Amino acid sequence: MENKKAFVAEPDLKSYSKEQIMSAAIRLAREEGYPMAVWRMPHQSEVNVLISFNKALELERYEMEELKNGFALAPFNFGEEKGLFLKADVIISFDFEEIVIKPGDSLQQADQLNQFKVSLIEKLEQPEESTGFIQPRSLTPSNASDYRELVTRCVEAIKDGFIEKVVPARTKDIQLPPSFDVVQFFTKLCTAYQNAFISFVSIPETGTWMGATPEVLIEREGHIFRTTALAATQRYNPENSLTETAWTQKEIEEQAMVSRYIINCFKRIRLREFSEKGPETIKAGNLLHLKTTLEVDLIATNFPELPTVMLELLHPTSAVAGMPREQALSFLKHEEKLDRSFYAGFLGPVNIEDKTNLFVNLRCMELTDEQARLYAGAGVTAHSNPEKEFAETEMKFNTLLNILNQSN
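Residues numbered from 1 in each chain as written. Predicted model: local features only at pLDDT ≥ 70, side-chain atom pairs only at ≥ 80, totals over all residues. Heavy atoms only, no water.

A. Representation of the overall build of the protein in the model. When helices and strands are counted, the protein shows eight helices and 21 strands. Expected size for 408 residues packed as a compact globule is a radius of gyration near 22 Å; at 21 Å, the protein falls within 12% of this value. The principal-axis extent of the C-alpha atoms belonging to the protein is close to 65 × 55 × 45 Å. Considering the protein as a whole, with its 408 residues, one finds that 59% of them fall into the buried category. Put simply, of all contacts in the protein between residues at least 6 apart along the chain, 72% involve residues at least 24 apart. (Helix = DSSP H or I, 4+ residues; strand = E, 2+ residues; numbered from the N terminus. Rg over C-alpha atoms; globule rule 2.2 N^0.38 Å. Buried < 20%, exposed > 50% of the residue type's maximum accessible area, 1.4 Å probe, protein only. Contact = heavy atoms within 4.5 Å.)

B. Geometry of the environment of Ala378. Note that Ala378 resides in the loop between β21 (371-377) and α8 (386-404). In this structure Ala378 comes out as buried when scored by relative accessible area, which is 0%. Linking Ala378 and Thr393, residues 15 residues apart in sequence, is a C-alpha distance of 6.2 Å. Apart from the residues lying within four places of it in its own chain, the contact partners of Ala378 are Tyr147, Val166, Val167, Pro168, Glu389, Glu392, Thr393 and Lys396.

C. A look at the packing of helix α3 (residues 147-159) against α8. Packing of α3 against α8 brings their axes to within 9 Å, and their N-to-C directions diverge by 125°. The orientation of α3 relative to α8 falls into the category oblique. For the pair α3 and α8, the sense of crossing is right-handed. When α3 is examined against α8, the residues Tyr147, Arg148, Val151 and Thr152 are found in contact with a partner set consisting of Pro386, Glu387, Glu389, Phe390 and Thr393. In terms of residue class, the contact of α3 with α8 is made up of four nonpolar, two polar and three charged. (Axes fitted to C-alpha atoms, helices over the stretch in contact; angles between N-to-C directions. Parallel < 35°, antiparallel > 145°, perpendicular 65-115°, else oblique. Left-handed = near helix turned anticlockwise from the far one by under 90°. Nonpolar A, V, L, I, M, F, W, Y, C, P; charged D, E, K, R; others polar.)

D. Inspection of the packing of aromatic side chains at higher detail. Evaluated as defined, the whole model comprises 13 aromatic pairs. For the ring pair Tyr34 and Phe53, a centre distance of 5.0 Å and an interplane angle of 50° mean the geometry is tilted. A residue pair is termed long-range when its members are at least 10 positions apart, and Tyr34 in the loop between α1 (18-32) and β2 (36-40) and Phe53 in the loop between β3 (47-51) and β4 (57-59) qualify at 19 residues. Phe53 carries the same exposure label as Tyr34, and that label is buried. Here Phe197 and Phe359 contribute two aromatic rings whose centre-to-centre distance is 4.3 Å and whose plane-to-plane angle is 10°, an arrangement assigned as stacked. Here Phe197 is found in strand β11 (residues 197-203), whereas its partner Phe359 is found in strand β19 (residues 355-360), with 162 residues between them in sequence. By the burial criterion, Phe197 is buried, and Phe359 matches it. Grouping aromatic residues by their ring pairs yields a cluster made of Trp209, Phe342, Tyr343 and Tyr375. Over the ring of Phe390 we find Arg148; its NZ or CZ atom is 3.7 Å from the centre of that ring. (Phe/Tyr/Trp six-rings, centres within 6.5 Å; stacked < 30°, edge-to-face > 60°. Lys NZ or Arg CZ within 6 Å of the ring centre and 35° of its normal.)

E. Focus on empty space enclosed by the protein. One pass over the full model with this rule turns up three cavities of 30 Å³ or more. Counted as a void, the largest cavity has a volume near 220 Å³. For the largest cavity, the lining is made up of 22 residues, of which Glu215, Ala319, Leu362, Arg363 and Lys396 are closest to its centre. Of all the secondary-structure elements, those providing two or more residues to the lining of the largest cavity are β14 (224-235), β21 and α8. Of all the elements, β14 adds the most residues to the lining of the largest cavity, at four residues. Residue composition of the lining of the largest cavity, grouped by class: twelve nonpolar, four polar and six charged. Taken as a whole, the second largest cavity encloses approximately 50 Å³ of empty space. Contributing to the lining of the second largest cavity are Tyr193, Asn195, Ala196, Ala212, Thr213, Pro214, Ala284, Gly285, Arg363 and Thr399. Of the residues in the lining of the second largest cavity, the class split is five nonpolar, four polar and one charged. (1 Å grid on protein atoms, 1.4 Å probe; cavity = no way out; pocket = protein on both sides within 12 Å on 5 of 7 lines; lining within 4 Å. Points joined across faces, edges and corners; volume = space filled by probe spheres on them.)

Encoded structure:
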């Protein structure tokens, strides 16, 4: 395609705030039925809005080296269910005072970019309104098991030797406040959780999800591949430094299982050249976790397809399913009785500016026009206590609830 150039949006958009432009883009996508994703990477200020002019692709496999730039959203049961991929037609980037609108790899005609800009400005000139959702739908009733009883059954299964660890999940349905606005909530999440991946994804006929996840699944930046083992949870105490944080044996074992699983995946594909950092205590909102980072040089190992291979080996990780993985998944299927949908799946930008960043979809909620369904889980081992695991899920719900309550 000719004249496929990015432009800095001035002076046409310079008089509008980032929040106004984001709101207009979301409303435009809603009216036109465009799939869209909005995100902010951890420890960064730049916010990106990706819009696809076509229906989201359904994929049985993410060939990371072959995909054009876009955004991935996959369910927990990816493999049994298809994942989604939003091909980038337009990407709007906000960083400080600069606003840049860029054509994505999938944009077919230059005039589509200009027409999008014209439509966006028309939307900005209309009276402001609360930012709603694309294709709002009602939440289906949840038939999940009682959580405390479920944790008890998990411990029994572990003691019987069927599994070593399992991560049962639960949901909480809430009414959204009348004043709820997507852009305002997204902005508050960005402010509150600097080290989380903040996301808003809305796809016609699929639904709308928001979240603030701390957990990297896979990353590729140039020729460097990274993945992390994140597990164990406790409440953050501002009176203690991170290095002074004490962890129980149960929590240390829980995180070590996740690290061992990743290393065993490397061994399965005969990959021995990797670096390991951790475990270290990291802060994720109002919570603390143990984290180990593993890194591979794709050129030095002559393994350019490693991101695709590791994505298939890692998902779902033992941090959201359990160990051994197949036994844990079987147990959850029969005992949890919860449709996790995209919770504990993965999401993130793919092949944008020679980077791919996929995150486990945690601390998330599904949105409708009036309600939200929050999801959370807790790692259960032989030493778990049902009340403590229930309390852990409540703490994880509060990652979003604490910000939602600021809107009331």
